[in-house]
Amino acid sequence: MIAHSTRWLRLLPILLLVLLLAGCNLAGGQQPQPSPTPRPTLHPTFTATPEPPSPTPAPPTATPEPPTSTPELPSPTPEQPSPTPEPPTPTAAPAAPQVEITAPTVNLRSGPGTNYARLSQATRGQRLDILARNNAGDWFQVQTPSGQVAWVINSSQFTRPVGDTSGVVVAASIPTPPPTARPATPRPVVQPTQAPAAPTSPPPASYPFSAAGPTGSRTTNNFLNIFGSVKDKGGAWLAGYRIKATRNGADTPLSETSRPGGSDATCPGCGDNKMQNVKFEYSSQDAADWKVWLVDGNGVQVSPAISFQTNPGNLQWLFVQFTRN
């Protein structure tokens, strides 16, 4: 049935064309038209039009699968550098031990003893670096701010250790003590001959210096200090003299040499302050008989001897006075 309808639909345009032509002829009927030659009636022949073969469906195009992506290997996590260890905090080295001067002035000597030469002096409040000590520990080898190496006494009357001194070693080289000067033979005393009728006059001095003392004040230190004043009659300080002493008849080291100025105070804190320019030191005030006198630069005695005694139950510092006649 579908094929038959299709053939009619294809003949329909031909029939419409025939009818159109026939209409045109009727519209122009005012003039006679020759009779057309009869034409044979055409009967449409229905030729079966073969249906086009159904197109063979194309095989479905295979959808290309996306290439499988090769999984990326994870990047290795970089190793964190090991933290650099902080250097240990340096431990502060303990402060070097020092000795502080507590007396108004203290002598700095060439060796550990009062019989060594005096090199200079240190004043109250000054601190000196300790380098070493002597075997007894009663003297320190020190260095001054100027770089001078000297020895200072370790005594509570004059100095005070600062810091830990337990590690202070004995000095590798300790100077040999200087030889003890032997006192000169006293000059004979010339007795003046007095005229029977003439008035008496004072005898001439046996020595060029007179001696007075000792005086002094109590102390708590067993160290014996004899401060001396060496002057002329006019009160001028004289340099170049020393104090000589014997203890129980035995010689002791000479004192330092007197200075041309009395710059040292003997005892400013005890109310009995005297100026002096020479000092004798000895390490003990045990019970003993003493004699002291003045000698010149050649070791010759130039003053009378002064006698006194020391007693450990009555510790004192002493003061003697020598005046040139």
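Here, the structure is the one placed above.
### A word on the overall build of the chain
- When helices and strands are tallied, the chain shows one helix and 17 strands.
- Split into buried and exposed, the 325 residues of the chain put 30% on the buried side.
- Restricting the contact set of the chain to residue pairs at least 6 apart, pairs at least 24 apart contribute 65%.

### Quick word on the packing of aromatic side chains
- Tallied over the full model, the rule gives six aromatic pairs.
- Ring centres of F280 and W290 lie 6.2 Å apart, and the angle between their planes is 75°; on these two criteria the pair is classed as edge-to-face. One end of the pair, F280, is in strand β14 (residues 278-282); the other, W290, is in strand β15 (residues 288-295), and 10 residues separate them in sequence.
- The class for W290 is buried, based on a relative accessible area of 2%.
- Taken together, a centroid distance of 6.2 Å and an interplanar angle of 0° make the contact between W290 and F308 stacked. Here W290 is found in strand β15, whereas its partner F308 is found in strand β16 (residues 306-310), with 18 residues between them in sequence.

### Let's talk about the pattern of salt bridges
- Summed over the entire model, instances satisfying the criterion amount to nine salt bridges.
- Among the salt bridges present, the one from D251 reaches K244, with a minimum N-O distance of 3.8 Å.
- If you follow the salt bridges from partner to partner, you end up with R109, R118, E256, R259, K279 and E281 in one network.

What counts, and where the lines are drawn
- Residues numbered from 1 in each chain as written.
- Predicted model: local features only at pLDDT ≥ 70, side-chain atom pairs only at ≥ 80, totals over all residues.
- Heavy atoms only, no water.
- Helix = DSSP H or I, 4+ residues; strand = E, 2+ residues; numbered from the N terminus.
- Buried < 20%, exposed > 50% of the residue type's maximum accessible area, 1.4 Å probe, protein only.
- Contact = heavy atoms within 4.5 Å.
- Phe/Tyr/Trp six-rings, centres within 6.5 Å; stacked < 30°, edge-to-face > 60°.
- Salt bridge = Lys/Arg side-chain N within 4 Å of Asp/Glu carboxyl O.

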